[in-house]
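# Secondary and tertiary structure notes
Chain by chain, the residues:
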Amino acid sequence: MSSIIQLLPDHVANQIAAGEVVQRPASVVKELLENAVDAKATDIKLIVKDAGKSLVQVIDNGLGMSVTDSRLCFERHATSKIRHAEDLFSLHTKGFRGEALASIAAIAHVEMKTRQEQDELGIHIVIEGSKFVSQEPAVLPKGTSFSIKNLFFNIPARRNFLKSETVEQRHIVDEFQRVAMAHPNIHFTMYHNGSEMFNLPISNFRQRIVNLFSGKTNEKLVPVKEETEIVNLHGFIGKPEFSKKNRGEQFFFVNNRFIKSGYLHHAVMAAYEGLLKDGCQPSYFLYLDVPPHTIDINIHPTKTEIKFDDEHALYAILRSSIKHSLGQFNVAPVLDFDRDPNLDTPYQYQNKEAEYPTIQVDRSFNPFSEDKPSKPASSFQSYKKPEAQPSWESLYVGLKHAAHDIAEMTFENEAVTSSLFEENEIEQEVRHTYQIHKKYIVSPIKSGMVIINQKRAHERVLYEEFLTSMTVHQASSQQLLFPLQLYFSTAEIELLAELKSSLENTGFVFESINEDHVMISGLPINVSESEISIVLEELLSDLQDGIPDNSFSQNDTIAKSMAKSLAVKTGTYLSEKEQENLVHNLFACKEPNVSPFQKPTFITMSVEDLDKKFSL
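What this report covers is the structure whose coordinates are included nearby. Throughout, residues of each chain are indexed from 1 in the direction in which the sequence is written. In keeping with the predicted nature of the model, local features appear solely for residues at pLDDT of at least 70, side-chain atom pairs appear and are counted solely at 80 or more, and the whole-chain, interface and lining totals rest on all residues. The side-chain figures draw on all heavy atoms in the structure; neither hydrogens nor water molecules are used.

### Here we look at the pairing of strand 17 (residues 440-445)
The condition that has to hold: Whether two strands pair comes down to DSSP finding at least two bridges between them. Think of it this way: any DSSP run of H or I at least four residues long counts as a helix, any run of E at least two long counts as a strand, and we number them from the N terminus.
Taken together, the three bridges between strand 16 (residues 434-436) and strand 17 define a ladder with antiparallel strand orientation. Looking at strand 17, one finds that Q435 is bridged to I441. Where strand 16 folds back on strand 17, the antiparallel hairpin that results is connected by three residues, among which H437 adopts a positive phi of roughly 55 degrees. In the sheet, strand 17 pairs with strand 18 (residues 448-453) via six bridges, with the strands oriented antiparallel. Bridge pairing in strand 18 links S443 to V450. Here strand 17 hands over to strand 18 after two residues, the two strands then running antiparallel side by side.

### Notes on the sheet that holds strand 10 (residues 232-238)
Which entries qualify depends on this criterion: Under this scheme, a helix contributes an axis fitted over its contacting stretch, all axes are lines through C-alpha atoms, and angles between N-to-C directions fall in the 0 to 180 degree range. Any two residues whose heavy atoms approach within 4.5 Å are treated as being in contact.
Taken in spatial order, the five strands line up as 9-10-13-11-12 in an open sheet, and their pairing is mixed. The open sheet has two edge strands with one neighbour each: strand 9 (221-227) and strand 12 (257-259). For this sheet, the mean angle separating the axes of adjacent strands, direction not counted, is 20 degrees. By the bridge criterion, six bridges tie strand 10 to strand 13 (residues 284-289) in an arrangement that is antiparallel. Residue L233 lies in a different strand from strand 13, and its bridge partner there is L288. On the sheet, helix 9 (residues 311-328) packs against strand 9, strand 10, strand 11 (250-254) and strand 13 and is oriented at approximately 135 degrees with respect to strand 9.

### Section: helix 8 (residues 262-271)
Just so we agree on the cut-off: Burial here depends on accessible area, computed with a 1.4 Å probe over protein chains only, as a share of the maximum for the residue type. Under 20% is buried, over 50% is exposed, and the range in between is partly exposed.
Along helix 8, the residues classified as buried are L264, H265, A267, V268, A270 and A271. If you follow the buried residues of helix 8, they end up packed against strand 11, strand 12, strand 13, strand 15 (307-308) and helix 9.

### A word on the environment of D542
Summarising the element assignment, D542 is placed in helix 12 (residues 532-542). The exposure class of D542 is partly exposed, given its relative accessible area of 31%. A C-alpha to C-alpha distance of 8.6 Å links D542 and I558, two positions 16 residues apart in sequence.

### Focus: the sheet that holds strand 16
What links the strands of a sheet is backbone hydrogen bonding, and the strands pair in either a parallel or an antiparallel sense. Strands sit in the order 16-17-18-22 across an open sheet of four strands; the sheet is antiparallel. At either margin of the open sheet sits one strand with a lone partner, and together these are strand 16 and strand 22 (602-606). Neighbour-to-neighbour, the strand axes of the sheet open up by a mean angle of 25 degrees, direction not taken into account. Where helix 10 (residues 454-471) meets the sheet, it contacts strand 16, strand 17 and strand 18, and its direction lies at approximately 75 degrees from that of strand 18. Across the sheet, helix 14 (residues 576-587) touches strand 16, strand 17, strand 18 and strand 22, and the angle it forms with strand 18 is around 90 degrees.

### Notes on the side chain of S606
Relative to the helices and strands, S606 is located in strand 22. Setting aside anything within four residues of it in sequence, one finds S606 in contact with S447 and G448.

### Some points on the side chain of S243
What counts, and what does not: Polar contact is defined as a pair of N or O atoms within 3.5 Å, subject to the rule that within protein one atom must be able to donate a hydrogen and the other to accept it, and that residues adjacent in sequence are counted only when both atoms are side-chain atoms.
When you line up the elements, S243 lands in the loop between strand 10 and strand 11. Residue S243 is classed as buried on the basis of its relative accessible area of 13%. Of note is the side chain of S243, whose polar atom sits 3.0 Å from the backbone oxygen of P240. With residues up to four places along the chain from it excluded, the contact list for S243 reads L276, C280, Q281, P282 and E537.

### A few points about the environment of L523
On the secondary structure map, L523 appears in strand 21 (residues 517-524). A residue is classified by how much of its surface remains accessible, and L523, at 1% relative accessible area, is buried. Remark: the alpha-carbon pair of L523 and E504, spanning 19 residues in sequence, is separated by 9.0 Å. Discounting residues that sit within four places of it in the chain, L523 has contacts with S477, Q478, L480, G507, F508, S528, E529 and I532.

### A look at the nonpolar core
Applied cut-off: Definition used in this section: a nonpolar core is a set of buried Ala, Val, Leu, Ile, Met, Phe, Trp, Tyr and Cys residues joined via side-chain atoms within 4.5 Å.
Core analysis: the largest hydrophobic core is formed by 57 residues, its most contacted members being L32, I44, L46, F74, I148, M181 and F188. The residues contacting L32, other than those within four sequence positions of it, are V56, V58, L101, I104, F146 and I148. Judged by nonpolar contacts, the second largest core, of 32 residues, contains L484, L486, V518 and M562.

### Examining the pattern of salt bridges
If the charged atoms of two oppositely charged side chains come close together, the side chains can form a pair. Note the cut-off: By convention in these notes, a salt bridge is any Lys or Arg side-chain nitrogen within 4 Å of a carboxyl oxygen on Asp or Glu.
The tally for this structure, following the rule as stated, stands at 12 salt bridges. For the salt bridge of R178 with E175, the shortest nitrogen-to-oxygen distance reads 3.4 Å. Here R178 pairs with E175, and both are found in helix 6 (residues 165-182), just three residues apart, close to one helical turn. By relative accessible area, which is 14% here, E175 ends up buried. In this structure, the salt-bridge partner of D556 is K560, at a minimum N-O distance of 3.4 Å. Here D556 pairs with K560, and both are found in helix 13 (residues 551-566), just four residues apart, close to one helical turn. By relative accessible area, which is 15% here, D556 ends up buried. Each of the salt bridges in this network shares a partner with another, and the network as a whole consists of R460, E464 and E591.

### Observations concerning the packing of helix 11 (residues 490-506) against helix 12
The test is simple: Each angle gets one of four labels, with under 35 degrees taken as roughly parallel, over 145 as roughly antiparallel, 65 to 115 as roughly perpendicular, and the rest as oblique. When residue character is reported, Ala, Val, Leu, Ile, Met, Phe, Trp, Tyr, Cys and Pro are called nonpolar, Asp, Glu, Lys and Arg charged, and the others, Gly included, polar.
Look at helix 11 against helix 12: their axes get within 11 Å of each other, and the N-to-C directions meet at 105 degrees. By the angle between their directions, the pair helix 11 and helix 12 is classed as roughly perpendicular. Contacts between helix 11 and helix 12 pair E492, L495, L496, L499 and L503 from the former with L536, L539 and L540 from the latter. Partitioned by chemical class, the residues of the contact of helix 11 with helix 12 number seven nonpolar, no polar and one charged.

### Considerations on the packing of helix 10 against helix 14
Each packed pair of helices is defined by two parameters, the angle between the axes and the distance between the axes. Rules: Crossing handedness follows the turn of the near helix against the far one: under a right angle anticlockwise gives a left-handed crossing, and clockwise gives a right-handed one.
Closest axis-to-axis distance for the helix 10/helix 14 pair is 9 Å, and the angle between their directions is 55 degrees. As far as their axial angle goes, helix 14 and helix 10 are oblique. Read as a crossing pair, helix 10 and helix 14 show a hand that is left-handed. Counting all contacts with helix 10, which are made through Q454, A457, H458, R460 and V461, the residues of helix 14 involved are L582, N585 and L586. When the residues that make up the contact of helix 10 with helix 14 are grouped by side-chain class, the tally is four nonpolar, three polar and one charged.

### Observations concerning the pairing of strand 5 (residues 131-138)
As defined by bridge partners, strand 4 (residues 122-128) adjoins strand 5 across seven bridges and the pair is classed as antiparallel. Residue pairing for strand 5: I125 is matched across the bridge by Q135. Hairpin connection between strand 4 and strand 5: a loop of two residues separates the two successive antiparallel strands, and G129 in this loop has a positive phi of roughly 60 degrees.

Structural data, given as structure tokens:
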């Protein structure tokens, strides 16, 4: 039998390996930004067109590359970051595998311009699908510029699997934020389709977080700091009252590298135990500095997963540090029975010196003198002996004992009211619905009874109401006396701007949409002012995977999300009128059998079924 195993050509092997490193345009952004950071740049620009499908360009003012390095950097496993296998356990750079540029060059048109500070001329290289097209000297500024065009041009199947521009752009923003947050000592700028999205000057960690997530973020940050032999922890956590339904603002950085860790996340949630509402997630921006030899980064090409030597100790330190910060800044309630809150010094008086009280004395006052005091009456009140009050016996002087004959007294007769019907003819009102465990509504029917899940039923009713108002006629809205101001991140503001027309059809009235906040002057009739922030947060969370392309599915997603947020929750007491109203509205729907999420809303039990339960 002939041999059937053969070596793959280099360009095929590169395309296969590229699938691990480059999954979408955001992967390219991550690798290029990290290379720019490793090159000790102080100013990094990211330029994106069509959510990275047409162009991803990263320009930095770092060290640059020589002629030899500029050719060698596109070879697989060629890197300047490590020399020996032992170096993997003492990494101080972002990259070390030497795969990123080779993978990117295999599946895109790459144009690189680079110049070192001591060189007069730089190098301009063009590569298309791992093939060198041209290399020539050029007059360039110090640093490196990578332009990645037509991603996946030679793998059309991978290009077809990319999501909509909104989704891909959100992933790019996520990667940009992660790198920018880890390095506040670098000036970052980001442009999308010609417009500036972020301009982040050199600052400290707190200012960088505020610049990324709107000015309102500053008031909800609580600092965390702890130094131990195992880890140096610093960063910020969010106050419990600012918690959200989604996990958008949760960041762990280990040695200035963004990571994902369900174990460390559990430590944070344990510290917040008892302080968060059900289903809410706290914000945190935590930086952990650990000795490089105690972690293993080389687990996955994306390098977002890390193995720690002593996870249990890290868990305990993280949990106790956050608990301490929440208590130290009076975020968490403290049980101290000996403490008297009345004795607490207000903040404005803490650094104020004590003042001696001034005493005024009227030296001319004499309580035994009949003359008036020399001071005016307005300054001091004269002493005056109170007049003697009459004794209690005087109350009864002149009271005559007159006898009253009760028989002679007359009283107003009670009005006689007659009924049109006899009492036995009045039909007693029959109750038609009953609520069980504040979860189910039971209603009798001819064949037996109907058991309705109140939450799913209300979801169906609201879903059809919202869908009708968005597609058939515009819903009426209630105007607010004072416009409501809500703060969101840059990515969320962009999403709201795209959804504006659909939300207005449901009853929202937007006064303005600004860079970091929106002004709302009108709400749908069945949304209260206190619920509005929760409704919009859940809507944005549900749409994180992208806005559907056609308008109907977009309206469908919004209607489902709002119905889920506003539906009556399990455990809510409903009056008899509310129960009946919900039952009638449910069976007036087009599809009363299932909720918007295709779950049954009610079940029926016939008398025969009940009889079978009692039969022996």
